[in-house]
Amino acid sequence: MLVALAANLLIAVAKAVGGLVAGSPALLSEAAHSVADSFNEVFLLAALRRSRRPADKRHPFGYGKERFFWSLLAAVGIFVMGGCFSFFQGAEALKNGAEEKLSGYVAGLIVLGVAFVAEGVSLLRALHQVRRQGGGMAGMRDPALRTVVAEDGTAVLGVTLAAAGMALHMVTGQVVWEASASLGIGALLVFVAYHLGREARDQLIGEAADPETAARIQDLLEAESEIDSVEALFTMKTGLDTALVAARVDLMPGLDSERVEEVADRIKRSLAQAVPEADEIFLDITDRPAREARESPAATGERGGA
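Parameters at a glance
Residue indices begin from 1 for each chain and proceed along its sequence in written order. Note on the predicted model: pLDDT of at least 70 is required for a residue's local features to be given, and 80 or more for side-chain atom pairs to be given and counted; whole-chain, interface and lining totals, by contrast, use all residues. Remark: hydrogens and water are excluded; side-chain values derive from all non-hydrogen atoms of the structure. Under the scheme used here, helices are H or I runs from DSSP no shorter than 4 residues and strands are E runs no shorter than 2 residues, and both carry numbers assigned from the N terminus. Contacts: residue pairs with any heavy atoms within 4.5 Å of one another. What sets the accessible areas is the Shrake-Rupley method with a 1.4 Å probe; for residues, cover comes only from the shown protein chains. By nonpolar core we mean a set of buried residues, namely Ala, Val, Leu, Ile, Met, Phe, Trp, Tyr and Cys, connected to one another through side-chain atoms within 4.5 Å. Accessibility here uses a 1.4 Å probe with only protein chains present; expressed as a share of the type maximum, an area under 20% marks a residue as buried, one over 50% as exposed, and anything in between as partly exposed. Multiplying one less than the number of residues by 1.5 Å gives the expected span of a helix. An arc is given here, and it is the one of the directions from the helix axis to the C-beta atoms. Here is the rule: rings of Phe, Tyr and Trp (six-membered ring for Trp) pair when centre to centre is within 6.5 Å. Planes less than 30 degrees apart are stacked, more than 60 are edge-to-face, and the remainder are tilted.

Draft legend 1. A look at the overall build of the chain. Along its length, the chain carries eleven helices and three strands. Across the chain, helices and strands are ordered from the amino to the carboxyl terminus as α-α-α-α-α-α-α-α-β-β-α-β-α-α. Residue pairs in contact within the chain that sit at least 24 positions apart in sequence constitute 74% of those at least 6 positions apart. Carbon together with sulfur atoms contributes 63% to the accessible area of the chain, which is approximately 15800 Å² in total.

Draft legend 2. A look at the nonpolar core. Ile78, Leu112, Ala162 and Leu196 are the most contacted members of the largest nonpolar core, which has 19 residues in total. Among the elements of the structure, α2 (25-50), α3 (66-96), α4 (102-132), α6 (143-172) and α7 (176-204) are those that each provide at least two residues to this core. For leucine 196, the contacting residues outside a window of four places in its chain are Ala75, Ile78, Arg146, Thr147 and Ala150.

Draft legend 3. A look at helix α9 (residues 257-274). Relative to the 26 Å expected for 18 residues at 1.5 Å per residue, α9 spans 26 Å between its end C-alpha atoms, a close match to the ideal helical length. Those residues of α9 lying buried are Val263, Ala264, Ile267 and Leu271. Buried residues of α9, viewed axially, fall in a sector of 100°; they line one side. Residues Glu258, Glu261, Arg269 and Gln273 are exposed on α9 and point more than 90 degrees away from its buried face.

Draft legend 4. Broad picture of the packing of aromatic side chains. As enumerated under the stated definition, the model contains three aromatic pairs in all. Geometrically, the ring pair formed by phenylalanine 69 and tryptophan 70 is edge-to-face, given 5.4 Å between the ring centres and 75° between the ring planes. When its relative accessible area of 16% is taken as the criterion, tryptophan 70 is described as buried. Ring centres 6.4 Å apart and planes at 40° place the aromatic pair phenylalanine 85 and phenylalanine 88 in the tilted group. Of this pair, phenylalanine 85 and phenylalanine 88 both sit in helix α3, separated by three residues, roughly a single helical turn. The class of phenylalanine 85 is partly exposed, set by a relative accessible area of 31%.

See below:
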């Protein structure tokens with residue numbers, strides 16, 4: 001994360017200076033992109049620090065969702081500072097044109113070449129971190145790491161678009177190529193911001209645990225000899241590696257109240273050991289014969305008649 005932040009700050013300054021000197025809309029769009037990425041790295045560093053705070057009375061389930069909140073802010077930053085500014089630069093270039101000298105083209109392309117190398121190294125480091133965390137979707141569960149990978153990936157593509165636009169502008173003398181590159185960078189950033197924001201929103205409003213985890217919990221509960229049936233199972237992510245589990249289960253008939261309490265405690269301990277992400281477990285124990293008696297038409301009629 002710190003490597004990505006340092007790279008983005010250095011690249012943002014280089015792109016901004018090069019863009020102003022060369023008068024290049026594509027290079028200025030990429031400068032805005034790097035500025036947005038730098039702010040987002042700060043957001044994500046705050047997410048990593050604040051999400052590790054222990055639970056307290058005000059937040060009994062901990063602060064794990066801080067990661068999702070700051071990831072949402074990062075998505076907004078990409079959209080506003082990167083995407084919208086890039087669209088503005090592209091539209092201005094199409095409307096007013098852009099005059100660049102050969103030295104400006106050369107300087108801009110050198111800056112973009114250096115940026116491509118730096119962003120590529122940062123992307124490779126992020127992908128290496130993904131592999132260390134399990135690879136594939138398992139390694140992309142962390143919203144902070146997922147955002148870094150998305151930022152670095154779009155940065156590499158954005159630099160490529162900007163370089164292609166500048167090169168074509170230099171060869172043809174038509175500013176439309178560089179303006180199109182700016183518009184393409186804007187569209188790319190808006191696309192990434194939308195997907196990152198949608199994922200953060202789903203997690204903030206109470207996304208369920210992974211289907212595989214929920215299915216495993218269901219199987220473990222149904223395998224318990226004292227459980228007659230699992231009537232309902234609810235899960236909700238409370239952090240990167242934690243989830244709340246609430247289940248309504250019917251026990252086998254014939255268990256006294258003391259035995260029911262022992263069984264419930266044992267099931268929760270067993271479930272917590274088998275599924276480490278089940279951080280909070282709540283069991284709603286019901287007695288099927290008693291419940292069916294209460295819900296029977298005869299019982300309902302008697303209550304209604306009374």
